[in-house]
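# Coordinates in review
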Amino acid sequence: MTVLDAIFERAKMRPGRVVFPEWEEPRIAQARARLSELRLCTPVPVDPVDDDLIETLVQARGIKPVLARRMLDKPLIRAAAMVAAGRADAMVAGAEAPTRRVIEAAGLAIGLADGISAPSSFFLMVFPDGREMIFADCAVTVAPSAQELAGIAQASAVSANALLGDARVALLSYSTGTSGAGESVDRVRAAAEMTGFAGPVQADAALNGSIARLKGVEAVDANVLVFPSLDAGNIAYKLAQELAGAQAIGPFLQGFRKPVCDLSRGTTVDDIVAATAVTLALV
């Protein structure tokens, strides 16, 4: 059974409530019907603005009710407020809205988890040989600081524990251990020291215990790869798709107090169904 099969089975056993702020978008409408038919979730439309949602946003942002009401006119923010208020377990959006708007809504109403300084994203990578991994951050953070890298690693560990059952995290670099120096290596080393995860470590050493030992570091057998920049992460996941035939599911946002999925605007109905099930597995 693949990780996606297992996620679908879990969703059927405990179908959650998912709010879709782009309710009438044709692909979303088809996906909603399929999700209901498969009993993977209960799709929820965006509620009208009411006093409870206003109070949720007031408490989240420390703003005046009149401003909260104005902000809730935007369906994305209203959907995120519904998740924050407990009316939905997760939000799935992005078929029409750009990533920055989905992140903005989640940040305003849901907020970041404790110890996380910035949102990030991950792909669930499924390889033909059966390996299943988390790649992060491949879609959001262009040039993460050491603190942001640490947050990406911590959030990715939470995601991996929820989806894969355990998290073996490696903070990747062009240098392993103390063999190299430079601004990028120093950032990765600082993030590793903050989190206790392996790093800096080259990709081959992160994945192959024999190579790790030859390079003088402890074997990781990583299933979570944290890349030092968006350049590296985005290039890596696309190479894995094209050269290794990997399936890249996502990207999924992470680091928020409750799950939020940012769909690609080129998403398909099948993508939406799978992304919704994965998002619910993060609840």
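Here, every reference points to the structure presented above.
Below is a summary of the structure that appears in this document. Since the structure is predicted, the reported quantities are computational estimates derived from the model, not experimental observations.

### Focus on the sheet that holds strand S1 (residues 16-19)
Spatially, four strands are ordered S2-S1-S3-S10 in an open sheet, and the strand pairing comes out parallel. The two strands at the open ends of the sheet, each matched to only one other strand, are strand S2 (41-44) and strand S10 (260-262). The average undirected angle you get between the axes of adjacent strands in this sheet is 25°. Two strands pair when backbone bridges link them, and S1 and strand S3 (residues 90-93) are joined in this way by two bridges, in the parallel orientation. Across the sheet, residue Val 19 finds its bridge partner in S3, namely Met 91. Lying on the sheet, helix H6 (residues 99-109) is in contact with S3 and S10; it crosses S10 at an angle near 170°.

### A look at the packing of aromatic side chains
Evaluated as defined, the whole model comprises four aromatic pairs. On the numbers, 6.4 Å between centres and 50° between planes, the contact of Phe 127 with Phe 135 is tilted. Taking the relative accessible area as the measure of exposure, Phe 127 reaches 12% and is therefore buried. A centroid spacing of 5.3 Å and a plane angle of 65° characterise the contact between Phe 135 and Phe 227, whose relative ring orientation is edge-to-face. Of this pair, Phe 135 sits in strand S5 (residues 132-136) while Phe 227 sits in the loop between strand S8 (224-226) and helix H11 (230-244), and the two are 92 residues apart along the sequence. Phe 227 matches Phe 135 in its accessibility class, with the two residues each being buried. Across the ring face of Trp 23, the terminal group of Arg 32 is positioned such that the distance to the ring centre comes to 3.6 Å.

### Considering the environment of Ala 248
Among the structural elements, Ala 248 can be located in strand S9 (residues 247-254). Counting along the chain gives 124 residues from Ala 248 to Leu 124, while the straight-line C-alpha distance between them is 5.9 Å. If near-sequence neighbours (up to four positions away) are discounted, Ala 248 is found in contact with Phe 123, Leu 124, Met 125, Tyr 237 and Gln 241.

### With respect to the pairing of S2
Looking at chain direction, S1 and S2 are connected through four bridges and run parallel. When the sheet's bridge partners are listed, Val 19 is paired in S2 with Val 44. Crossover S1 to S2 through helix H2 (residues 26-38) is right-handed.

### Examining the packing of helix H7 (residues 146-164) against helix H8 (residues 183-195)
H8 packs onto H7 with a crossing angle of 50° between their chain directions and a minimal axis gap of 8 Å. Compared by their axis directions, H7 and H8 come out oblique. The crossing of H7 and H8 is right-handed. Counting all contacts with H7, which are made through Ala 146, Gln 147, Leu 149, Ala 150 and Gln 154, the residues of H8 involved are Arg 187, Val 188, Ala 190, Ala 191, Met 194 and Thr 195. For the contact of H7 with H8, the class distribution of residues is seven nonpolar, three polar and one charged.

The rules behind each value
- Residues numbered from 1 in each chain as written.
- Predicted model: local features only at pLDDT ≥ 70, side-chain atom pairs only at ≥ 80, totals over all residues.
- Heavy atoms only, no water.
- Pairing = 2+ DSSP bridges.
- Helix = DSSP H or I, 4+ residues; strand = E, 2+ residues; numbered from the N terminus.
- Axes fitted to C-alpha atoms, helices over the stretch in contact; angles between N-to-C directions.
- Contact = heavy atoms within 4.5 Å.
- Phe/Tyr/Trp six-rings, centres within 6.5 Å; stacked < 30°, edge-to-face > 60°.
- Buried < 20%, exposed > 50% of the residue type's maximum accessible area, 1.4 Å probe, protein only.
- Lys NZ or Arg CZ within 6 Å of the ring centre and 35° of its normal.
- Right-handed = clockwise from strand over helix to strand, strands pointing away.
- Parallel < 35°, antiparallel > 145°, perpendicular 65-115°, else oblique.
- Left-handed = near helix turned anticlockwise from the far one by under 90°.
- Nonpolar A, V, L, I, M, F, W, Y, C, P; charged D, E, K, R; others polar.

Keep in mind these numbers describe shape, not what the thing actually does.
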